[in-house]
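Geometric and topological summary
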Amino acid sequence: MTVLDSFRLDGRVALVTGGNRGIGLAIAGGLASAGAAVAVLSRSEPPAPPGSAAPPALPAPAASRTQIGNLGFAEWIRGDLADLDPEAVVERVVTSLGRIDILVNNAGIIRRADAVDTTDQDWADVIGVDLDAVFRLCRAAGRVMLAQGRGSIINVASMLSFQGGIRVPAYAAAKHGVVGLTKALANEWAGGGVNVNAIAPGYIATDNTAALRADPRRDAAIVDRIPAGRWGGPEDLAGTAVFLASDAARYVHGAVIPVDGGWLAR
Ligand code: NDP
């Protein structure tokens with residue numbers, strides 16, 4: 001077996017939250033292309049296969065096998081992380097695809113407002129999806145992974161796991177929490193064969209950052225500060241996710257890997 005073989009994910013089953021677009025779609029595609037069977041969870045439907053005019057027919061409203069772009073077949077779980085039973089989601093993946101080896105907690109929301117104008121609802125919504133749901137899915141998947149003595153959990157953090165950001169107090173609090181949670185779980189679960197790590201994306205061109213890119217002043221300020229001189233693309237995250245999900249990362253626990261064009265080094 002060569003070192004490259006240790007990056008393969010053949011026979012593994014992954015769940016990627018928010019895998020229908022943006023960073024999650026790129027990560028789901030990366031895992032699938034490395035050999036994993038990938039289930040994605042989101043509120044709205046994944047994209048139709050290229051070349052098809054309409055979305056694929058869904059055999060049931062709550063569940064279907066569909067094609068994620070050109071990335072191969074996967075299971076789509078329609079679900080709202082603000083209101084889901086994490087045990088049922090994990091059970092659903094195990095029932096549909098036979099097991100669960102990889103969990104990517106990618107889905108996230110952001111609300112931009114000055115702290116004094118941030119409502120209790122905005123705070124609760126962001127913490128609920130970006131932190132509470134991450135813990136609850138980790139706990140549910142962790143139980144299964146610890147019982148099988150193997151698993152990889154990848155939480156998607158942010159530059160705002162390290163910095164306060166501008167007008168996003170709940171998001172910064174949640175993303176700092178994601179890093180603390182990642183390290184806490186790594187300490188508990190490394191000895192049980194479960195790797196818990198995080199990826200901290202820099203500034204990536206997705207729906208999440210559309211408002212920043214639409215503001216010429218913010219856009220220029222951000223690009224000027226990135227040593228790589230450009231926004232990242234969702235596809236820039238896929239390789240790191242495959243690495244962390246694979247045996248190549250078997251001794252990597254509690255790490256937070258920035259994929260940021262050098263933003264944190266600046
Ligand atoms: P997008 O806004 O493009 O995508 C967000 C994803 O999360 C969608 O798939 C969305 O699916 C899903 N989602 C949101 N709310 C829920 C919910 N309540 N239940 C289920 N799924 C939900 O964001 P990005 O791809 O940019 O972000 C992905 C992750 O990366 C997030 O955690 C984000 O904080 C993080 N990140 C992004 C950065 C960037 O620059 N873009 C930088 C740093 C971190 P649907 O709407 O269909 O439910």
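This next bit is on the pairing of strand β1 (residues 13–17). Here β1 lies mainly inside the structure; five of its five residues are buried. Along β1, one buried face is formed by Val13, Leu15 and Thr17 and the opposite face, lined by Ala14 and Val16, is buried too. Crossover handedness for the path β1 to helix α1 (residues 22–33) to strand β2 (residues 37–42): right-handed. Note that β1 and strand β5 (residues 102–105) share three bridges and pair parallel. The partner of valine 16 across the bridge, within β5, is valine 104.

Residues of β5 alternate between two faces, with Ile102 and Val104 on one and Leu103 and Asn105 on the opposite face, all of them buried. By the bridge criterion, four bridges tie β5 to strand β6 (residues 151–156) in an arrangement that is parallel. Residue pairing in the sheet places valine 104 in a bridge with isoleucine 154 of β6. For the crossover from β5 across helix α3 (residues 120–148) to β6, the handedness is right-handed.

Taken together, the neighbourhood of the ligand is formed by 31 residues, with Asn20, Ser44, Asn106, Tyr171 and Thr206 sitting nearest. In the environment of the ligand, a nitrogen atom lies 2.7 Å from a nitrogen or oxygen atom belonging to the side chain of aspartate 80. By residue class, the composition of the shell around the ligand is 13 nonpolar, 13 polar and five charged.

On to the packing of α3 against helix α4 (residues 169–189), then. Put simply, α3 and α4 touch, their axes get as near as 8 Å, and they point 15° apart. Of the possible angle classes, the one that applies to α3 and α4 is roughly parallel. Pair α3 / α4 crosses with right-handed handedness. Where α3 approaches α4, its residues Trp123, Val126, Ile127, Asp130, Leu131, Val134, Phe135, Cys138, Arg139, Gly142 and Leu146 are matched on the opposing element by Pro169, Ala170, Tyr171, Ala173, Ala174, Lys175, Gly177, Val178, Leu181, Leu185 and Trp189.

What follows is about the side chain of aspartate 260. If you trace the backbone, aspartate 260 turns up in the segment after β8 (256–259). Buried charge without a partner: aspartate 260 forms no salt bridge, and the closest opposite charge is arginine 225, 7.1 Å away. A polar contact of 2.9 Å, which involves the side chain of aspartate 260, links it to the backbone nitrogen of glycine 262. Apart from residues no more than four positions distant in its own chain, aspartate 260 is found in contact with Met159, Gly202 and Ile226.

What follows is about the pattern of salt bridges. Here the structure, examined in full by the defined rule, presents 11 salt bridges. Between aspartate 10 and arginine 8 there is a salt bridge, with its nearest N and O atoms 2.9 Å apart. Among the salt bridges present, the one from glutamate 87 reaches arginine 143, with a minimum N-O distance of 2.3 Å. Here the residue glutamate 87 occupies a position in helix α2 (residues 86–97), and arginine 143 occupies one in helix α3, the gap between them amounting to 56 residues. Residue glutamate 87 is classed as partly exposed on the basis of its relative accessible area, which comes to 33%.

Rules and cut-offs
Residues numbered from 1 in each chain as written. Predicted model: local features only at pLDDT ≥ 70, side-chain atom pairs only at ≥ 80, totals over all residues. Heavy atoms only, no water. Buried < 20%, exposed > 50% of the residue type's maximum accessible area, 1.4 Å probe, protein only. Helix = DSSP H or I, 4+ residues; strand = E, 2+ residues; numbered from the N terminus. Right-handed = clockwise from strand over helix to strand, strands pointing away. Pairing = 2+ DSSP bridges. Near = heavy atom within 4 Å. Polar contact = N/O pair within 3.5 Å; in protein donor to acceptor, adjacent residues only side chain to side chain. Nonpolar A, V, L, I, M, F, W, Y, C, P; charged D, E, K, R; others polar. Axes fitted to C-alpha atoms, helices over the stretch in contact; angles between N-to-C directions. Parallel < 35°, antiparallel > 145°, perpendicular 65-115°, else oblique. Left-handed = near helix turned anticlockwise from the far one by under 90°. Contact = heavy atoms within 4.5 Å. Lys, Arg positive; Asp, Glu negative; His and termini not counted. Salt bridge = Lys/Arg side-chain N within 4 Å of Asp/Glu carboxyl O.

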